[in-house]
Amino acid sequence: MPEDSSLSKRRALTVFLERPGEEDLRVLLEKELLLLLENVGISVVGTVVQRRAAPDPAFFIGQGKAEEAALMARSLDAGVLVFDDALTPGQVLNLKKRTGLEIQDRPGVIVTIFQARAHTAEAKLQVELARCRYEVPLLKGLGQQMSRTGGGIGTRGPGETEFERHRRKLERRIRDIDKKLQVVRQRREYQRKRRSRSGFPTVALVGYTNSGKSTLLRTLSGDASILAKDQLFSTLDTAVRRVTLPGGREILMADTVGFIRKLPPALVAAFRATLEEVAAADLVLLVLEVASPDVTETLQTVQQMLFDIGAGTVPRILVLNKADLVDAVFLERIQERLVGAGETVVAVSALRGDGLDVLLRRIAARLNEKPWEESV
């Protein structure tokens, strides 16, 4: 996988595989990929869509469609094809040979964004681990492909030595980072136990990236130093702050890394120590951007992620953020639908402060339904 310089300001075509019955989902993914690429300085100048039931094993979109994409890219002066799925090493190599263009995939773009957002030592270690885990399979696959082109019984192939050397280096680095992050996990576990003994229940903020979680924590805690930017994955480190509920009771509220569709498994694994904060919480605030046209699909994505990290059964409140940006009738309709599905729902504007008093009362009520001390 190329380094960050390969994702500098470039012109690109995005490539999508649209399976039968997934037309609406493809439109949502297209919008997401556009935002992802904007965050790494890539300008999207066109889109290629192939409708088929399954990816082509050799080219993902099929050889003919790949050639069509190459012609389109040249006509638009685009130097890279960005696929909205994970590609195999063989597909990357075949596509490069067939198109003569740089090939990227969605996981690689997301990992690159995480690299740009990592500032603390822990976040940098986590992202580096994800990058190494992402690259190792590619190196293995590309090394095998290069070896097969060498020919001759008993020969090693022209590219095998270099690929194998780099792969072993990455695997050693993975083991080293794993050991360091194990220390981080132990420290976090110790901190959680200390917080439990201190008498403060913990409330975790989760949600889609850029849904307003950090802004909500900054407003509720009164800590203006909390970073809250209008960009994807602005928060990679867990921020824990005290928040006072009605009546004076204090809780600890933790902000966590945001989710997105098709979040690379390597990133989920690397941020395990951070995401464990959610599974260990007494209550989850699932923050949704209610102004988003795909709020229902976003909820489903976040719900699945919560189950994947072992937090699917933690009590929760749905927080419909940015409520000031939608029509009152629409807001009431979506609230009724979610409440009808058994959810506890509060509409707020974290930026303006609307509805936060109601949210704090709901948090207090949910924590009192099952005394938090029982979960320690």
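Residues numbered from 1 in each chain as written. Predicted model: local features only at pLDDT ≥ 70, side-chain atom pairs only at ≥ 80, totals over all residues. Heavy atoms only, no water.

### Focus: the overall build of the protein chain
Threshold: Helical segments are the DSSP runs of H or I of at least four residues, strand segments are the runs of E of at least two, and each set is numbered from the N terminus. Partly exposed describes any residue whose relative accessible area lies between the buried limit of under 20% and the exposed limit of over 50%, with all areas from a 1.4 Å probe on protein chains only and scaled to the type maximum. Per-residue and other accessible areas were derived by the Shrake-Rupley procedure at a 1.4 Å probe size, with only the shown protein chains allowed to occlude residues.
From N to C terminus, the protein chain includes 12 helices and 10 strands. Scored against the burial criterion, the 376 residues of the protein chain give a buried share of 51%. Accessible area for the protein chain stands at about 17500 Å²; split by element, carbon and sulfur atoms hold 51% of it.

### Focus: empty space enclosed by the protein
Worth spelling out the cut-off: Cavity means a closed set of points on a 1 Å grid over the protein atoms alone, one where a 1.4 Å probe fits but cannot get out, pocket means an open set with protein on both sides within 12 Å along at least 5 of 7 lines, and lining means a residue has an atom within 4 Å of a point. Grid points are joined across faces, edges and corners, and a volume is the space filled by probe spheres set on the points. Asp, Glu, Lys and Arg are counted as charged, while Ala, Val, Leu, Ile, Met, Phe, Trp, Tyr, Cys and Pro are counted as nonpolar; the rest, among them Gly, fall into the polar class.
By the definition in use, this model includes one cavity of 30 Å³ or more. Quantified by volume, the largest cavity comes out at close to 50 Å³. Surrounding the largest cavity, F114, V257, G258, F259, L263, L267, V268, F271 and L275 form its lining. Grouping the constituent residues of the lining of the largest cavity by class yields eight nonpolar, one polar and no charged.

### Structural notes on the packing of aromatic side chains
Condition: Only rings of Phe, Tyr and Trp enter the pairing, Trp through its six-membered ring, and a pair is recorded when the two centres are within 6.5 Å. The plane angle decides the type: under 30 degrees is stacked, over 60 is edge-to-face, the rest tilted.
Counted under the stated rule, the structure contains one aromatic pair. Between F60 and F83 the ring centres are 5.8 Å apart and the planes differ by 85°, which places this aromatic pair in the edge-to-face class. Residue F60 is located in the loop between strand 2 (42-51) and helix 2 (63-75), and its partner F83 is located in strand 3 (residues 80-83); the two are separated by 23 residues in the primary sequence.

### With respect to the confidence of the model for the protein chain
Selection rule: Confidence of the predictor at the level of single residues is given by pLDDT, which spans 0 to 100. The criterion used for residue contact is that any of the two residues' heavy atoms lie within 4.5 Å.
Taken over all residues, the pLDDT of the protein chain has a mean of 83, while the share at 70 or more is 85%. Contacts of residues 1-9 to residues separated by more than four positions or lying in other chains number 25 contacts, the stretch itself having pLDDT below 50. Note on residues 372-376: pLDDT is under 50 here. Beyond four places in sequence and across chains, it has nine contacts.

### Observations concerning the sheet that holds strand 8 (residues 283-289)
So the rule is basically this: Any two strands with at least two DSSP-identified bridges between them are counted as paired. Every axis corresponds to a line fitted to the C-alpha atoms, with the helix fit spanning only the stretch in contact, and the corresponding angles, defined between N-to-C directions, vary from 0 to 180 degrees.
Pairing in this open sheet of six strands is mixed, and the strands run 6-7-5-8-9-10 from one edge to the other. If you trace the sheet from one side to the other, it starts and ends with strand 6 (239-244) and strand 10 (345-347), each paired once. Across this sheet, the average inter-strand angle for adjacent strands is 25°, counted without regard to direction. With three bridges joining them, strand 9 (residues 316-321) and strand 10 adopt parallel strand pairing. Counted as the bridge partner of V319 is V346 from strand 10. Lying over the sheet, helix 10 (residues 295-308) contacts strand 5 (202-207), strand 8 and strand 9, oriented at roughly 150° with respect to strand 8. This element, helix 12 (residues 356-369), spans strand 5, strand 6, strand 7 (250-255), strand 8, strand 9 and strand 10 of the sheet and lies at about 170° to strand 9.

### A word on helix 1 (residues 23-38)
Keep this limit in mind: A helix is expected to reach a length of 1.5 Å times the quantity of its residues less one.
Here helix 1 spans 23 Å end to end across 16 residues, near enough to the 22 Å set by a 1.5 Å rise per residue. For helix 1, the set of buried residues is R26, L28, L29, E32, L33, L36 and L37. Where helix 1 is buried, its residues touch strand 1 (10-18), strand 2, strand 3, helix 4 (106-117) and helix 10.

### So, the environment of I260
Following the sequence through the fold, I260 ends up in the loop between strand 7 and helix 8 (265-270). Here I260 falls in the buried class, since its relative accessible area comes to 3%. Remark: the alpha-carbon pair of I260 and N210, spanning 50 residues in sequence, is separated by 9.7 Å.

### Considering the pairing of strand 6
Relative to strand 7, strand 6 runs antiparallel, the two being bridged by six bridges. Looking at strand 7, one finds that V243 is bridged to I251. Counting the residues that bridge the hairpin from strand 6 to strand 7 gives five residues, and of these G247 lies at a positive phi of roughly 95°.

### Things to note about the pattern of salt bridges
The condition is simple: The term salt bridge refers to a pairing of a side-chain nitrogen on Lys or Arg with a carboxyl oxygen on Asp or Glu at a separation within 4 Å.
Summed over all chains, the structure comprises 22 salt bridges. With its nearest N and O atoms 2.5 Å apart, the salt bridge here joins E32 to R106. Of this pair, E32 sits in helix 1 while R106 sits in helix 4; the two residues are 74 residues apart in sequence, bridging distant segments of the chain. In this structure R106 comes out as buried when scored by relative accessible area, which is 0%. Between R261 and E32 there is a salt bridge; the shortest N-O distance is 2.2 Å.

### Focus: the pairing of strand 4 (residues 102-105)
The criterion, for reference: With strands facing away from the observer, any crossover in which the path from the first strand over the helix to the second runs clockwise is taken as right-handed.
Side chains of strand 4 alternate between two faces, with E102 and Q104 and I103 and D105 buried alike. In this fold, the crossover linking strand 3 to strand 4 by way of helix 3 (residues 89-99) has right-handed handedness.

### Quick look at the side chain of R366
Note the following rule: Two N or O atoms form a polar contact when they lie within 3.5 Å of each other; inside protein one atom must be a possible hydrogen donor and the other a possible acceptor, and for residues adjacent in sequence the pair counts only when both atoms belong to side chains.
Within the secondary structure layout, R366 lies in helix 12. Judged by its relative accessible area of 19%, R366 is buried. Looking at R366, its side chain comes within polar contact range of the side chain of T344, at 3.1 Å. Non-local contacts of R366, meaning those with residues more than four positions away in its chain, are made with L283, P315, R316, I317 and T344.

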